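# Topology and contacts: notes
The residues making up each chain are set out below.
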Amino acid sequence: MTTTTTNVTDLYPTRGATEVATPRQDPVVWGSPDTPGPVSQGDLQALDRDGFLAIDQLIGPDEVEVYQRELERLTTDPAIREDERSIVEPQSKEIRSVFEVHRISEVFAKLVRDERVVGRARQILGSDVYVHQSRINVKPGFGASGFYWHSDFETWHAEDGLSNMRTISVSIALTENYDTNGGLMIMPGSHKTFLGCAGATPKDNYKKSLQMQDAGIPSDEALTKMASEYGVKLFTGKAGSATWFDCNCMHGSGDNITPFPRSNVFIVFNSVENTAVEPFSAPIRRPDFIGARDFTPVR
Ligand SMILES: O=C(O)CCC(=O)C(=O)O
Ligand SMILES: [Fe+2]
């Protein structure tokens with residue numbers, strides 16, 4: 001069933017009384033074969049089928065060093081730590097995420113504008129794009145906690161008001177992502193079904209959910225069914241490698257109990273033709289640093 005509120009049709013109902021699966025109503029690749037960009041047609045087909053695209057070396061070793069230094073600077077700056085954009089680990093109090101890095105750091109702003117990055121996003125989404133969210137997820141060693149299974153779009157739809165699945169993320173490794181230090185896991189093909197989750201969104205949900213999610217969580221039954229059907233793929237790669245993934249992929253990552261930090265920068269591009277409206281299933285919008293309200297296209 002689709003419902004209409006404030007003249008916007010809700011294609012993807014979620015956070016009601018029960019969990020409900022809805023077939024995807026949107027394309028994965030919005031560009032046409034003529035849309036210019038660095039992604040091959042074969043890779044676009046694979047992205048459509050699997051929901052992700054892995055790139056061995058998106059940025060070279062010299063450049064990686066620059067980003068690593070910037071990451072170090074941001075995570076050790078006391079002013080950044082105090083900023084509301086920094087999220088700390090509940091136990092160790094170490095920095096877990098820093099949001100809006102493309103606004104607090106010229107180095108990361110430049111990465112966003114890099115044609116290897118924004119060019120792919122434009123090509124896949126078939127339009128100009130803006131940044132809906134950016135963050136570094138630091139995942140230091142010795143016990144940093146993981147991210148439980150979720151679809152990003154479920155949250156962005158429910159809490160940020162993105163109407164359509166016209167949003168793509170890239171996760172760029174700034175430290176090596178091994179098969180042991182809490183790398184990203186995706187269920188290939190899961191992006192073709194939207195899993196609406198059971199349970200209303202609490203007010204100010206985001207404050208807790210950034211440390212530990214408790215709304216928008218798929219049931220064990222749904223995850224078992226999806227994992228059995230799709231399998232689970234783990235992404236590994238050297239610093240400088242990248243994973244592009246569709247906004248509706250079922251994904252997550254485990255804790256990092258190794259001594260080796262797993263620090264990645266995530267950039268979320270949304271089409272300028274899909275700008276945020278009011279949240280579909282939450283009492284209030286999340287703050288702009290988590291779900292942007294400035295829709296200026298990246299140039
Ligand atoms: O850092 C990770 O492994 C996953 C992060 C994630 O899914 C998110 O930030 O939405
Ligand atoms: Fe996510």
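Look above for the structure.
Our subject in this report is the structure included herewith. (Residues numbered from 1 in each chain as written. Chains lettered and ligands numbered in written order. Predicted model: local features only at pLDDT ≥ 70, side-chain atom pairs only at ≥ 80, totals over all residues. Heavy atoms only, no water.)

With that out of the way, let us pick up the nonpolar core. Counting 39 residues, the largest nonpolar core has W244 and F269 as its most contacted members. With five residues, the single largest contributor to this core is helix α6 (residues 115-125). In terms of nonpolar packing, the next biggest core, distinct from the first, is built from 11 residues, Y12, Y130, F153 and F194 among them. (Core = buried A, V, L, I, M, F, W, Y, C linked by side-chain atoms within 4.5 Å. Buried < 20%, exposed > 50% of the residue type's maximum accessible area, 1.4 Å probe, protein only. Helix = DSSP H or I, 4+ residues; strand = E, 2+ residues; numbered from the N terminus.)

Bringing the coordination of the iron ion (ligand 2) into the picture now. Only H150 (NE2), D152 (OD) and H251 (NE2) from the protein reach the iron ion (ligand 2) as donors, at distances of 2.1 Å. Every donor residue of the iron ion (ligand 2) comes from the same chain, spaced as H-x1-D-x98-H. With a gap of 99 residues between them, D152 in helix α7 (residues 152-160) and H251 in strand β14 (residues 250-253) connect regions that are remote in the sequence. (Donors = N, O, S within 2.8 Å, 3.2 Å for Na, K, Ca; no water.)

Our next topic: the sheet that holds strand β4 (residues 52-55). With antiparallel pairing, seven strands are arranged side by side in an open sheet as β4-β13-β9-β15-β7-β6-β5. Either end of the sheet is taken by a strand with one partner, and the two such strands are β4 and β5 (86-88). Within this sheet the neighbouring strands show an average axis-to-axis angle of 15°, counted without direction. For β5 and strand β6 (residues 95-99), the ladder comprises three bridges, and the chain directions are antiparallel. Within β6, the residue paired with S86 across the bridge is V98. (Pairing = 2+ DSSP bridges. Axes fitted to C-alpha atoms, helices over the stretch in contact; angles between N-to-C directions.)

In this section: empty space enclosed by the protein. Under the definition given, this model contains one cavity of 30 Å³ or more. Taken as a whole, the largest cavity encloses approximately 60 Å³ of empty space. Around the largest cavity, the lining residues are E159, T201, P202, K203, D204, N205, Y206, A282, P283, I284, R285 and R286. (1 Å grid on protein atoms, 1.4 Å probe; cavity = no way out; pocket = protein on both sides within 12 Å on 5 of 7 lines; lining within 4 Å. Points joined across faces, edges and corners; volume = space filled by probe spheres on them.)

Here helix α2 (residues 61-76) spans 23 Å end to end across 16 residues, near enough to the 22 Å set by a 1.5 Å rise per residue. Within the sequence span of α2, burial applies to V64, Y67, E70, L71 and L74. Down the axis, α2 shows its buried residues gathered within 125° of arc, on one side only. Away from its buried face by more than 90 degrees, α2 exposes P61, D62, R69 and T76. Of the surrounding elements, those touching the buried residues of α2 are α3 (78-82), α4 (101-104), α5 (106-113) and β7 (129-137). (Expected span 1.5 Å × (residues − 1). Arc of directions from axis to C-beta. Contact = heavy atoms within 4.5 Å.)

Mapped onto the elements of the fold, S169 is located in strand β9 (residues 167-173). The residues contacting S169, other than those within four sequence positions of it, are D152, W156, T243, W244, F245, I267 and V268.

In this section: the site of ligand 1. As a structural note, the neighbourhood of ligand 1 is formed by R135, N137, F147, H150, D152, L184, H251, S253, R262 and F266. Between H150 and ligand 1, the recorded distance is 3.1 Å, taken from a side-chain N or O atom to an oxygen atom. Contact distances for ligand 1 include 3.1 Å between an oxygen atom and a side-chain N or O atom of D152. Elements with a contribution of two residues or more to the shell around ligand 1: β7, β8 (147-151) and β14. Residue composition of the shell around ligand 1, grouped by class: three nonpolar, four polar and three charged. (Near = heavy atom within 4 Å. Polar contact = N/O pair within 3.5 Å; in protein donor to acceptor, adjacent residues only side chain to side chain. Nonpolar A, V, L, I, M, F, W, Y, C, P; charged D, E, K, R; others polar.)

What follows is about the layout of surface pockets. Taken as a whole, the second largest pocket holds about 270 Å³ of empty space. As for the second largest pocket, its lining consists of 21 residues, of which H102, R103, V131, T296 and V298 are closest to the centre. Taken together, the elements giving at least two residues each to the lining of the second largest pocket come down to α4, α5 and β7. A per-element tally of the lining of the second largest pocket places β7 first, with five residues. Across the lining of the second largest pocket, the residue classes break down as eight nonpolar, six polar and seven charged.

Note on placement: G37 falls in the loop between β3 (20-23) and α1 (41-50). Classification of G37 by relative accessible area gives partly exposed; the value is 44%. When the C-alpha atoms of G37 and V118 are compared, they prove to be 9.6 Å apart, with 81 residues separating the residues in sequence.

Inspection of every chain in the model, using the stated rule, returns 22 salt bridges. Across the salt bridge formed by R15 and E154, the nearest N and O atoms sit 2.8 Å from each other. One end of the pair, R15, is in the loop between β2 (8-10) and β3; the other, E154, is in helix α7, and 139 residues separate them in sequence. Of the two residues, R15 and E154, both sit in the buried class. Among the salt bridges present, the one from E273 reaches R166, with a minimum N-O distance of 2.9 Å. Residue E273 is located in the segment after β15 (264-271), and its partner R166 is located in the loop between α7 and β9; the two are separated by 107 residues in the primary sequence. Of the residues examined, E273 reaches a relative accessible area of 57% and is grouped as exposed. (Salt bridge = Lys/Arg side-chain N within 4 Å of Asp/Glu carboxyl O.)

From the geometry alone we can't say anything about function, so treat these as descriptive.
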